[in-house]
Every structure is written in structure tokens, then in C-alpha cells.
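# Breakdown of the fold
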Amino acid sequence: MDNERDPIEESPTAASEKSDCETAEPRRRTPWDTVDGRVISLVSRKGGVGKTTSAVNIGAALALSGHTVLIVGVDPQCGVCRSLGVEPTDLSTGLAEIFTGPKALTDLAQASPLRDLFFVSPRIDSLDDEEAFLEMLEAHADDFVREIDQARFLYDTILVDCPPNLGSATRAALMSSDSYLVPVQAEELCRGTVDPLLEFVGDFHRRAFVGQPAPDGNTAGADAERPLRLEGLFLTMANERTRMGRHVAARLAEDFGEELFDTGIPRTTRLSEMALRGKPAVIYDRRSPGSRAYFDLADELVYRFHLESEAAEAAEADAAREQQVKLPASGGGGLDRFLAELGGSREVSSQIPAFEEPSSPEMVSLDDLLAEEEGKSGESEEWGDDPWSGSRPH
Ligand code: ADP
Ligand code: MG
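For the structure given in this document, a descriptive report is provided here. (Residues numbered from 1 in each chain as written. Chains lettered and ligands numbered in written order. Predicted model: local features only at pLDDT ≥ 70, side-chain atom pairs only at ≥ 80, totals over all residues. Heavy atoms only, no water.)

## Details of the side chain of Thr-52
Take Thr-52: it is sitting in helix α1 (residues 51–64). Polar contacts involving the side chain of Thr-52 include one to the side chain of Asp-161, which spans 2.8 Å. Beyond its immediate chain neighbours, meaning those up to four positions away, Thr-52 contacts Gly-79, Val-80, Ser-83, Asp-161 and Met-274. (Helix = DSSP H or I, 4+ residues; strand = E, 2+ residues; numbered from the N terminus. Polar contact = N/O pair within 3.5 Å; in protein donor to acceptor, adjacent residues only side chain to side chain. Contact = heavy atoms within 4.5 Å.)

Here it is, written out as C-alpha cells:
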């Protein structure tokens, strides 16, 4: 991978070959470490709220910024695969093979025409296929979790696109995830589904993990072994021009504060054309308001991760400092002697320099960055005729 490459190009590389190009290439947009191996499920009880559209566009936006992304569709409607231009029946392998065959999930990952973006989808041809697939996810959720855990080593981000219910597929997805992201359609009815959803996920998570023995047989702290966080909520199909749109946005902000992403996705026809075109909107019309919003959402996702990591590091440093301050006074022992040598007293330990806030790297929008690059090279601002269609996943 080099920084000058065309981000959309033939991508015959199998996902498992990622190690060949693991040479810490500088990221295009996000100078800090990426969302390393994080698994995020897109969850909602309601259909048609933009889970699949969001999984595919966030995935593509992250991939364009240099993250290696895997999108796992667990919805038997196979929206992920269709949105990436492949009919499920044309797939040579499907997700169910992790249960029925010798293949690992990482072997089933299909390359998309966008380098760094891979996907796995069920291959559903009939109602029987669908039932069998859901039953397998129910009976072997642990296998699914194990497979996803193995995939963490190959991808920076794994997005799991769930069906519009809280059945076996969503449950398996939640069990395998670090966090879940909830798209909320800007309608009152949809807003009302958020609280019950969060409650359900909390209950499910407690039942699935609390009290369940850890691998060493220890039940205490099993929950801590596998935390599941709410990544956040974001508005989809938002229409700031209608009173309802503004009302729902205001109420969500009031109810969920920080948990609501600053970025909302507007309702636009360009986004609704995605399945028809068989490629992410951030590819076919990256300057449209919907695409810009997805770039911003992907930025915000990474930025929030960065802030969390900083906060976790700061908390660790605080804890370490506290530990140091609390060292027992041991009659002229180590610390006292050390302090005396410094010419001070025990109070000196409180003068240990305060933890310095790491400076936050400045966010650069990919869109602006690409526009700059194009300006330099004098290239057209379009992607070309149809670079996506020339290289179908195999
Ligand atoms: P889900 O996966 O939650 O069922 P989808 O992502 O499939 O929802 O979206 C449902 C429909 O709404 C699709 O036809 C999609 O193209 C369309 N859609 C999604 N997001 C938007 C948007 N922001 N503006 C307009 N149409 C959208
Ligand atoms: Mg969907």
C-alpha cells in the first residue's frame, strides 16, 4: 500500500494476505492509530432505518481513509452484498460455511473493488436457506463469536450489519461486538424504539455474559471480559426542513446527550440509489450531502475512539500516579531515601509533573484532502467512468 495509490482499483488480494502490506503505512486522514480490530454492530429493531446503507458507507469511508474494513452481513436479506453489487446467489461461498464447512470466516471474506474493503454475506436462495442460516446462528453463536475474534487480527474495523429484529442473528452479532451503533430515523415513532432497544441490549448482554464462566472457569468478572458499549446513536434520513425532523433531532439530543453523534445523515435520493447502483454512495457521488455526511460520521467514529483511548490512557496514568503517592512510608526506606536524595520530603511526590494532555491531531476531512490532491495533480474531480464495475469481487 502506498500513499499515492488510486483508492479504487482492482483488488484481487485475499483478505488473509493483509499481512503482506502491513508496513504501517501512514493513514490518509487520521494520523492517530486506527480503530484497531474493533467490532461494531449496526443494530435497530426497525427495518428501513439505514443500517445497511450506513454499514456500507461508513465501511467504504473508513477504507478510503486507509483502514482495512470487513463488513459482515448477518441479515438474511443480504443487503450488504447487494449494496456492493453482488447478487447473493452469485456468491460462491456464504457465511453459513463457517458452521458447515472447513472454512474460517476470514477465508470467506470477499474483496470489493475498493481496496481495503472486504465483506462476508450469507448466501440465501430460499426460505429454507434463511431458516437454516438463522438456526445455525442460534445454535452456534459461540462459533460465530470465535470466528469474528480471529478476524480482528486482520482488520482495523469490523462492521456487522444486523437484520431489523432482535433475533438470533442480532444476538450473535452483539455477542461478538465491542460496541453497537444505532441509526435512528428522524421520526417520532422511531425515536420511541430507542429506549426499549437499549434496554433489551443491556438485558441480553447481562444474561449472555454475567455469571457465564470465563475460560478459566472463573465466573466473577465474566462481564468485564466482554464489555459491550453503546457506540452511539445517529440520525438517519434527517430532514431539518420539516418540523418533525427538527423536533426528533432536538429530543434525541436532549435525551441522549453525548451518545448522539454530532453528525446526522440527511435524507437524499442519492443515498437511496445505492442498492440500484451496487456501490457505496461515498464512491459514486462523494460530493453529495449524503456522502459528505457519511465521511463526517466515519471521522467522528474514529475521533471518538481517539478521545476514548486518550481518556483510558489518562485514567491509567492517574491510577499509576495514585499508586505511587500511596506507597507505604517504610521507615527511611526506598521512597523516603529517594526523596531525601532529591532534597525534598514525602510531599515531593505530589509534585510529580501532571499528566500532559496529548495534543489531538487535527481532523482533516478526506473529501477536502482528496480535493487538494486532485487540485495538485490537475485530475478531474470525478472518479472516472465506473472504476467500481470493472472488478467484481470473486
Ligand atoms: P435497513 O438496513 O435499516 O433496513 P437500509 O439501509 O436498507 O435500511 O435503507 C432502507 C431504504 O432507505 C433503502 O432503500 C435505502 O436506499 C434508503 N435510504 C437509506 N438511507 C437513506 C437516506 N439517508 N436518504 C434516503 N434514502 C435512504
Ligand atoms: Mg438492512
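Let us keep going from here.
## Remarks on the nonpolar core
Within the largest apolar cluster, 58 residues are counted, with the highest numbers of intra-cluster contacts made by Leu-70, Val-74 and Phe-144. With 8 residues, the single largest contributor to this core is helix α9 (residues 194–209). Residue contacts for Phe-144: discarding those within four places in its chain leaves Val-72, Val-74, Leu-95, Ile-98, Phe-99, Leu-105, Leu-137, Ala-172, Ala-173 and Ser-176. Ranked by size, the runner-up nonpolar core spans 38 residues in total, among them Ala-63, Leu-91, Leu-271 and Ala-298. (Core = buried A, V, L, I, M, F, W, Y, C linked by side-chain atoms within 4.5 Å. Buried < 20%, exposed > 50% of the residue type's maximum accessible area, 1.4 Å probe, protein only.)

## Focus on the site of ligand 1
Around ligand 1, the surrounding shell holds 14 residues, and the nearest of these are Gly-48, Lys-51, Thr-52, Thr-53 and Pro-266. Here Thr-268 contributes a backbone N or O atom positioned 3.0 Å from a nitrogen atom of ligand 1. The separation between an oxygen atom of ligand 1 and a polar main-chain atom of Ser-272 is 3.5 Å. Considered on its own, ligand 1 offers 560 Å² of accessible surface; in the complex 77% of this is hidden by protein. (Near = heavy atom within 4 Å. Areas by Shrake-Rupley, 256 points an atom, 1.4 Å probe, with all protein chains shown as cover.)

## What about the packing of helix α5 (residues 127–139) against helix α7 (residues 168–176)?
Each pair of packed helices gets described by two things: the angle between the helix axes and the distance between those axes. Relative to each other, α5 and α7 sit at 40°, their axes nearing to 8 Å. When the axes of α5 and α7 are compared, the pair comes out oblique. Considering only the axes of α5 and α7, their crossing is left-handed. Touching Leu-134, Leu-137 and Glu-138 of α5 are Ser-168, Ala-169 and Ala-172, all from α7. Here the residues of the contact of α5 with α7 sort into 4 nonpolar, 1 polar and 1 charged. (Axes fitted to C-alpha atoms, helices over the stretch in contact; angles between N-to-C directions. Parallel < 35°, antiparallel > 145°, perpendicular 65-115°, else oblique. Left-handed = near helix turned anticlockwise from the far one by under 90°. Nonpolar A, V, L, I, M, F, W, Y, C, P; charged D, E, K, R; others polar.)

## Considering the packing of aromatic side chains
What the rule picks out here adds up to 2 aromatic pairs. Centre to centre, the rings of Phe-118 and Tyr-155 are 5.8 Å apart; their planes meet at 65°, and the pair counts as edge-to-face. One end of the pair, Phe-118, is in strand β4 (residues 117–120); the other, Tyr-155, is in the loop between α6 (141–151) and β5 (157–161), with 37 residues separating them in the sequence. Consider the rings of Phe-200 and Phe-204, whose centres lie 6.1 Å apart with planes at 5°: the pair is stacked. Taken together, the residues span about one helical turn, with Phe-200 and Phe-204 both in helix α9 at a distance of 4 residues. Residue classification places Phe-200 among the buried positions, given a relative accessible area of 16%. (Phe/Tyr/Trp six-rings, centres within 6.5 Å; stacked < 30°, edge-to-face > 60°.)

## Focus on the state of the cysteines
Scanning the entire structure with this criterion turns up 0 disulfides. Free cysteine: Cys-78, not disulfide-bonded; nearest cysteine sulfur from Cys-81 at 5.6 Å. (Disulfide = S-S within 2.5 Å.)

## Looking at empty space enclosed by the protein
Inspection of the entire model under this criterion finds 1 cavity of 30 Å³ or more. Quantified by volume, the largest cavity comes out at close to 40 Å³. Taken together, Ser-44, Arg-45, Val-182, Pro-183, Val-184, Cys-190, Thr-193, Val-194 and Leu-197 make up the full set of residues lining the largest cavity. Of all the elements in the fold, those that place two or more residues in the lining of the largest cavity are β6 (179–185) and α9. Here the element with the most residues in the lining of the largest cavity is β6; it accounts for 3 residues. Class assignment of the residues belonging to the lining of the largest cavity gives a composition of 6 nonpolar, 2 polar and 1 charged. (1 Å grid on protein atoms, 1.4 Å probe; cavity = no way out; pocket = protein on both sides within 12 Å on 5 of 7 lines; lining within 4 Å. Points joined across faces, edges and corners; volume = space filled by probe spheres on them.)

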